[in-house]
Amino acid sequence: MNDEQLGALVSGSLRAQAADAPGGAHLLQAVTTGVRRKAVIRRRWVVSSSAAIALAAVSLGLGLWSSARPGDGTQQAAAPSLRPSSFHHLQLEVPASWALNPEPCSPHGRDRVIDHPDLLQVPCLTPLTEATRLGQQVLFSTGRTFSTTYLGPAATTRPITIGGVSGTLSSSTNEQTGMTEFALALPSLDVSVLIDVRSPALAETILHSARVTGQ
Amino acid sequence: MRPMEGSFEEYVQARGPALLRLAFLLCSDRHLAEDLTQDVLIRVYRQWRRISGLGHPDAYVKRMLVNEHLSWRRRRSNGELPTAEMSSPAEQGDAADTVVRRHAAVHLLAGLPKRQRAVLVLRFYEDLTDQQIAEVLRCSPATVRSQASRALATLRTSRGLTRQDV
């Protein structure tokens, strides 16, 4: 059998075999189903991957932050837009973009820092208990303990020492707003601070910046 | 579905059966052929805007099909190899002889290495030139000729095809 005869045989065999191929009546439907199924799988994969990446990033950020000493520059790199804010010899680094001491009792919803005792009147704090609040805040206060007032009974409290000054640190997550809340109390300085932010990492950054200035 | 998918649907309806036939000849299994074709068309769908902009989308899709088949690594082996003894062509009449020879050739083709079988399918069923086959398989025309030569030599020396010639 020469090449031409063999080629003709192969060609004829393939064409005969092709007649037994599937018809493809449901091919389009199968492809459409497959496309949708893969799209769902891809969406799930993207969501789970994003969550894993976010978790890893937060873990990495907290790890870097916890290994950094106050003022050694590492924490500045993690939160470059911070500025110092002092009250009763306690200094914290707070987000520079947040409003400082906005109008008393102004509608809450704006990120703010309040470090003026006159602005911490009870009526101005009332929005803190509302589920509709959206703004983040750092509130310096005197003569009150935020942990029992605002964080509620679910908060956990542990002793803390800052610059040789003993105090307590309470933490909680607000179930209504999802906010991370920390309450720092240093009785010997007659100061307490409420940190109420969306990001646990930011809360940790602010807390870690705490230092006692000249008394 | 997005608007561009209209032309994709038309393409699948028009060319799907031909793609299935090609897949079937490549893998010699109906179910595998359907899976192979569906997998490739799902990938084509995701790139359809680009592929449909090519001058000959069908050639591109066939190339995807062949290369997908070659890269499947027997993840679902059909397990069908030509083990049955073929009837002797010498014992058959002319018409029957052709049928038997073709039947034998089909089994022998199924037993060839994937790449050699792909070369023969592209050459003798798709009627591609060696240059075109080389482009599909991303190899040189010399390699195509070598693969074809080996495949044909295997067929030529196979008992089911040659007993009459002895």
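See the structure above.
Values in this document were obtained by computation on a predicted structure and should not be read as measured data.

## Overview of the overall build of chain A
Turning to step 1, where the next piece is worked out: The helix and strand tally for chain A stands at 6 helices and 10 strands.
Turning to step 2, where the next piece is worked out: Here chain A holds 215 residues, and the buried ones make up 42% of them.
Turning to step 3, where the next piece is worked out: Residue pairs in contact within chain A that sit at least 24 positions apart in sequence constitute 51% of those at least 6 positions apart.

## Section: the sheet that holds strand 1 (residues 82–87) of chain A
All names here are of chain A.
Turning to step 1, where the next piece is worked out: Pairing is antiparallel in the open sheet, where 3 strands are placed in the order 1-2-10. Each of the sheet's edge strands pairs with one partner strand only, and the pair in question is strand 1 and strand 10 (211–212).
Turning to step 2, where the next piece is worked out: Pairing of strand 2 (residues 90–95) with strand 10 involves 2 bridges; the strand directions are antiparallel. In the strand pairing of strand 10, L90 is matched with V212.

## Observations regarding the interface of chain A and chain B
Turning to step 1, where the next piece is worked out: Listed as interface residues are 30 residues of chain A and, on the opposing side, 35 residues of chain B.
Turning to step 2, where the next piece is worked out: When chain A packs against chain B, the two sides together hide about 3100 Å² of surface, and 74% of this comes from carbon and sulfur.
Turning to step 3, where the next piece is worked out: Seen at the junction of chain A and chain B, the total is 1 salt bridge.
Turning to step 4, where the next piece is worked out: A salt bridge links D127 of chain B to R15 of chain A; its shortest N-O distance comes to 3.3 Å.

## Overview of the pairing of strand 9 (residues 191–197) of chain A
Residues and elements named next belong to chain A.
Turning to step 1, where the next piece is worked out: Here strand 9 lies mainly inside the structure; 7 of its 7 residues are buried.
Turning to step 2, where the next piece is worked out: Burial along strand 9 is two-sided: the face carrying V191, V193, I195 and V197 and the face carrying S192, L194 and D196 are both buried.
Turning to step 3, where the next piece is worked out: With 7 bridges connecting them, strand 8 (residues 180–186) and strand 9 associate as antiparallel partners. Each residue of the ladder has a partner; that of L186, found in strand 9, is V191.
Turning to step 4, where the next piece is worked out: Between the end of strand 8 and the start of strand 9, which pair antiparallel, lie 4 residues, with D190 showing a positive phi angle near 50°.

## Some words on helix 6 (residues 114–124) of chain B
In an α-helix, one full turn covers 3.6 residues, which means residues spaced three or four apart are oriented alike.
Turning to step 1, where the next piece is worked out: Burial analysis of helix 6 of chain B places 8 of its 11 residues in the buried class, which makes it a mostly covered element.
Turning to step 2, where the next piece is worked out: Those residues of helix 6 of chain B not exposed but buried are Q116, R117, A118, V119, L120, V121, L122 and F124 of chain B.

Definitions and cut-offs
- Residues numbered from 1 in each chain as written.
- Chains lettered and ligands numbered in written order.
- Predicted model: local features only at pLDDT ≥ 70, side-chain atom pairs only at ≥ 80, totals over all residues.
- Heavy atoms only, no water.
- Helix = DSSP H or I, 4+ residues; strand = E, 2+ residues; numbered from the N terminus.
- Buried < 20%, exposed > 50% of the residue type's maximum accessible area, 1.4 Å probe, protein only.
- Contact = heavy atoms within 4.5 Å.
- Pairing = 2+ DSSP bridges.
- Buried area = accessible area lost by both parts, 1.4 Å probe.
- Salt bridge = Lys/Arg side-chain N within 4 Å of Asp/Glu carboxyl O.

Just distances and angles here, no functional claims.
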